[in-house]
Amino acid sequence: MEFNDKVVLITGAAGGIGKEAARLFHQQGAKLVLIDLNQEALEKTALELDLGDYMICVADVRSEESVESYVQAAIDKYNKIDVFFNNAGVEGKFGKLTETTAETFGTVLDVNVKGVFYGLKHVLKVMEKQNFGNIVNTSSVAGCNGSPGLGAYSASKHAVIGLTKTASVEVAGKGIRVNAICPAPVNTRMMEELDSIKSPDDPGKARRTYEQKIPLRRYAEPAEIAELVLFLCSDKSSYITGGVYEIDGGLTAT
Ligand SMILES: NC(=O)c1ccc[n+]([C@@H]2O[C@H](COP(=O)([O-])OP(=O)(O)OC[C@H]3O[C@@H](n4cnc5c(N)ncnc54)[C@H](O)[C@@H]3O)[C@@H](O)[C@H]2O)c1
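Treat the numbers as computed from the prediction; the structure is a model and nothing was measured.

Rules used throughout
- Residues numbered from 1 in each chain as written.
- Predicted model: local features only at pLDDT ≥ 70, side-chain atom pairs only at ≥ 80, totals over all residues.
- Heavy atoms only, no water.
- Helix = DSSP H or I, 4+ residues; strand = E, 2+ residues; numbered from the N terminus.
- Rg over C-alpha atoms; globule rule 2.2 N^0.38 Å.
- Buried < 20%, exposed > 50% of the residue type's maximum accessible area, 1.4 Å probe, protein only.
- Contact = heavy atoms within 4.5 Å.
- Areas by Shrake-Rupley, 256 points an atom, 1.4 Å probe, with all protein chains shown as cover.
- Phe/Tyr/Trp six-rings, centres within 6.5 Å; stacked < 30°, edge-to-face > 60°.
- Lys NZ or Arg CZ within 6 Å of the ring centre and 35° of its normal.
- Near = heavy atom within 4 Å.
- Polar contact = N/O pair within 3.5 Å; in protein donor to acceptor, adjacent residues only side chain to side chain.
- Nonpolar A, V, L, I, M, F, W, Y, C, P; charged D, E, K, R; others polar.
- Salt bridge = Lys/Arg side-chain N within 4 Å of Asp/Glu carboxyl O.
- Disulfide = S-S within 2.5 Å.
- Expected span 1.5 Å × (residues − 1).
- Arc of directions from axis to C-beta.

Colleague: Can you break down the overall build of the chain residue by residue, with the values?
Modeller: Within the chain, the regular secondary structure consists of eight helices and seven strands. Relative to the globule expectation of 18 Å for 254 residues, the C-alpha radius of gyration of the chain, 17 Å, shows essentially globular dimensions. Seen through its principal axes, the chain has C-alpha atoms that stretch 50 × 35 × 35 Å. Here the chain holds 254 residues, and 50% of them are scored as buried. Sequence separation of at least 24 residues holds for 69% of the intrachain contacts in the chain that already meet a minimum separation of 6. Of the roughly 11900 Å² that the chain leaves accessible, carbon and sulfur atoms contribute 51%.

See the structure below:
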């Protein structure tokens, strides 16, 4: 029970990757604060995982006030934050940069960059007082390379890496570690949506085409991503900070 009595905050907890991370942290004894915009999905997630000690916070990570509220709620209930999985994100509308509206660009950056920034800002204030803590931010392979059709998303995920590296250096002296993960396609709503946009008549075709480019020839399962998050938040990775971890079936090695 590696995370026994540890308080773990997860944003995007009702989504594919967040939910699997919640499942694994729970199995390892953590107390969970599950944060998401979607209240219904959040309640369903908590029921399905049959959690013991937990709370849910309906919050929009685009709003700094909302982020301050979930951090305060966690402190009011548990009095500390051991782990923060800063994971909520959106893909935005698929289309070339020349077709991307300012509104789409702004929405993606609001969630994926400002949301991650507000989370870091307010969780780090708590962790700096505690002199401990562990953070994982969710970037993407789109944060390491260009991503045709997803320019705003790619820009936002590059920004997550900049925030991760900056934060890691700023707080290393306080015993706090901050890392980023960069998954390739994962079997969640996000890829289902993108595949059905790329190939409306046969989403499976878009998926098969993408899988052919991945050396391991398949999308990741969300639980595989969650395992890396747990490792990065555990004492087993005690010398790792400021790291950017591709978990991509070899995609970025090609
Ligand atoms: N699925 C993939 O292929 C893939 C690959 C690389 C990175 N990622 C990243 O992983 C993270 C999780 O994605 P996922 O695949 O689980 O997708 P998902 O759509 O299943 O989950 C995302 C969750 O974030 C929540 N969310 C969205 N906007 C929010 C907001 N403003 N405030 C609070 N919550 C909000 C959604 O309600 C949803 O529950 C994202 O940051 C995504 O960019 C996903």
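Colleague: Just give me the short version of the packing of aromatic side chains, but keep the residues and values in it.
Modeller: The final tally for this structure, using the stated rule, is four aromatic pairs. A ring pair is formed by phenylalanine 117 and tyrosine 118, whose centres lie 5.4 Å apart and whose planes are at 45 degrees; its orientation type is tilted. Residue classification places phenylalanine 117 among the partly exposed residues on the basis of a relative accessible area of 36%. In this structure, lysine 213 is placed above the aromatic ring of tyrosine 210, and the distance from its NZ or CZ to the ring centre is 5.7 Å.

Colleague: Before we move on, could you go through the site of the ligand and cite the residues and values that matter?
Modeller: Taken together, 29 residues sit near the ligand, with Asp36, Asn87, Tyr153, Val186 and Thr188 positioned nearest. Here a nitrogen atom of the ligand and a backbone polar atom of alanine 59 are 3.5 Å apart. Isolated, the ligand exposes 820 Å² of accessible area, and the fraction of that covered by the protein chains is 93%. For the shell around the ligand, the secondary-structure elements that each account for two or more residues are helix H1 (16-27), helix H5 (151-171) and helix H6 (189-198). Here the shell around the ligand gets three residues from one element, more than from any other, and that element is H6. Tallied by class, residues from the shell around the ligand come to 15 nonpolar, nine polar and five charged.

Colleague: Pulling in residues and values, what's your account of the pattern of salt bridges?
Modeller: The full count for this structure, using the stated rule, is 13 salt bridges. Measuring nitrogen to oxygen at the nearest pair gives 2.9 Å for the salt bridge that ties glutamate 48 to lysine 19. Pair noted here: glutamate 48 is in helix H2 (residues 39-49) and lysine 19 is in helix H1, with a separation of 29 residues, a long-range link. Judged by its relative accessible area of 45%, glutamate 48 is partly exposed. For glutamate 64, the salt bridge identified is with lysine 121, shortest N-O distance 2.8 Å. Of this pair, glutamate 64 sits in helix H3 (residues 64-78) while lysine 121 sits in helix H4 (residues 102-130), placing them 57 residues apart in sequence. A cluster of three or more residues bridged by salt bridges with shared partners is formed by Lys19, Glu20, Arg23 and Glu48.

Colleague: Which residues make up the state of the cysteines, and what values go with them?
Modeller: In the structure shown here, the tally under the stated rule is zero disulfides. Among the cysteines around cysteine 144, which has no disulfide bond, cysteine 182 carries the closest sulfur, lying 3.6 Å off.

Colleague: Any details on H1? Residues and values, ideally.
Modeller: The end-to-end C-alpha separation of H1 is 17 Å, in line with the 16 Å expected for twelve residues at 1.5 Å each. Buried positions along H1 lie against strand E1 (7-11), strand E2 (31-36), H2, strand E4 (83-86) and helix H8 (222-233). Looking at the residues trailing H1, positive phi occurs at glycine 29, about 90 degrees.

Colleague: Outline H2, supporting the account with residue identities and numerical values.
Modeller: Those residues of H2 not exposed but buried are Leu42, Thr45, Ala46 and Leu49. Angularly, the buried residues of H2 cover 95 degrees about the axis, an arc narrow enough to put them on a single face. In H2, the exposed residues that point more than 90 degrees away from the buried face are Glu40, Lys44 and Leu47. In the core, the buried residues of H2 are packed alongside H1, E2 and strand E3 (54-58).

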